[in-house]
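Here is how the chains run, residue by residue.
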Amino acid sequence: SQTIHQWPATLVQPVGSPLSLECTVEGTSNPNLYWYRQAAGRGLQLLFYSVGIGQISSEVPQNLSASRPQDRQFILSSKKLLLSDSGFYLCAWSDGRTANQPQHFGDGTRLSIL
Amino acid sequence: GQQVMQIPQYQHVQEGEDFTTYCNSSTTLSNIQWYKQRPGGHPVFLIQLVKSGEVKKQKRLTFQFGEAKKNSSLHITATQTTDVGTYFCAVNRRDNYGQNFVFGPGTRLSVLP
């Protein structure tokens, strides 16, 4: 069966520090991968999605970036965090072979910027 | 761009009462998905609707897709405390790059015992 792993679960970082969040998927190949951010009590904002290695689509201009160095690995990064980067970051995957497939989310990372 | 709206934003009900959330799109949809997010958790896929006028049931949950495929509803009969959480609708969007999803803002359900 397919599983998605996301870490760390919580993270506290100072303003201006770098960020690296990692997400890996097991049990499937060539998945579509997604990064979302969710502010407290709010909806899901799509940040990046990827349909293959090295293929990243950015949905919202910001100081975050994403990379997909391997088929089942998706990384969210920042060189310098801002206070506004606080939130709940969720990675998700869906079957890339056919359209209209449901998304499966990781447990998320709660990021607090001080 | 495509917009997805959900009402109400919040709903407080007494345990045993019914609950309905509505999802509306500015464009005709190919399909719609529903997710539930428990407090402190991550969204979990509930169901997908594809056909015009489609109705699907999962125990006390009834999902409906509008005839014009621009709106959908989720109805919970006789709510229980385990129904607490935020319910999101999501629509599939394809662009030149691939497919992604637009989520509604969600309806947060509180159930008072």
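Everything numeric in this text was worked out from a predicted model, so none of it was measured.

Undergrad: Would you mind showing me how to read the interface of chain B and chain A here?
TA: Where interface size is given, it is often the accessible area lost as the parts come together that is meant. Of the residues lining the interface, 24 residues belong to chain B; the matching set on chain A comes to 30 residues. Of the roughly 2000 Å² buried between chain B and chain A on both sides combined, carbon and sulfur atoms contribute 50%. Our count for the contact surface shared by chain B and chain A stands at one salt bridge. For E59 of chain A, the salt bridge goes to R93 of chain B, with nearest N and O atoms at 2.5 Å. Taken together, the links from chain B to chain A amount to nine residue pairs in polar contact (both at pLDDT 80 or more). Mapped by element, the contributors of at least two residues to the side of chain B that touches chain A are β4 (32-37), β5 (44-49), β9 (85-94) and β10 (99-103) of chain B. Residues that form the side of chain B that touches chain A fall into these classes: eight nonpolar, twelve polar and four charged.

Undergrad: Please clarify how the state of the cysteines should be interpreted in this entry.
TA: Disulfide: a covalent bond connecting the sulfur atoms of a pair of cysteines. Residues and elements named next belong to chain A. Enumeration over the complete set of coordinates arrives at two disulfides over all chains. C23 shares a disulfide with C91; S-S distance 2.0 Å. Measuring handedness by torsion sign, the sulfur bridge of C23 and C91 sits at about -75° and is left-handed. With C23 in strand β3 (residues 19-26) and C91 in strand β9 (residues 87-94), the pair connects residues that are 68 residues apart, well separated along the chain. According to the relative accessible area criterion, C23 is buried, its value standing at 1%. With relative accessibility at 0%, the residue C91 sits in the buried group.

Undergrad: Please clarify how unusual backbone geometry should be interpreted in this entry.
TA: Note: most peptide bonds trans; most residues except glycine with negative phi. P8 of chain A follows W7 of chain A through a cis peptide bond whose omega is 0°. You can see P8 of chain A is positioned in the loop between β1 (3-7) and β2 (10-13). Following I7 of chain B, the chain continues into P8 of chain B via a peptide bond in cis, with omega recorded as -5°. Note on placement: P8 of chain B falls in the loop between β1 (4-7) and β2 (10-14). The phi dihedral of K59 of chain B is positive, around 55°, even though this residue is not glycine. Assignment of secondary structure puts K59 of chain B in the loop between β6 (55-58) and β7 (61-65). Residues other than glycine seldom take positive phi values, yet A78 of chain B does so here, at roughly 50°. For A78 of chain B, the position within the fold is in the loop between β8 (71-76) and β9. Judged by relative accessible area, A78 of chain B falls into the partly exposed class, the value being 31%.

Cut-offs applied
Residues numbered from 1 in each chain as written. Chains lettered and ligands numbered in written order. Predicted model: local features only at pLDDT ≥ 70, side-chain atom pairs only at ≥ 80, totals over all residues. Heavy atoms only, no water. Contact = heavy atoms within 4.5 Å. Buried area = accessible area lost by both parts, 1.4 Å probe. Salt bridge = Lys/Arg side-chain N within 4 Å of Asp/Glu carboxyl O. Polar contact = N/O pair within 3.5 Å; in protein donor to acceptor, adjacent residues only side chain to side chain. Helix = DSSP H or I, 4+ residues; strand = E, 2+ residues; numbered from the N terminus. Nonpolar A, V, L, I, M, F, W, Y, C, P; charged D, E, K, R; others polar. Disulfide = S-S within 2.5 Å. Buried < 20%, exposed > 50% of the residue type's maximum accessible area, 1.4 Å probe, protein only.

Shape is all these values report; function is a separate question.
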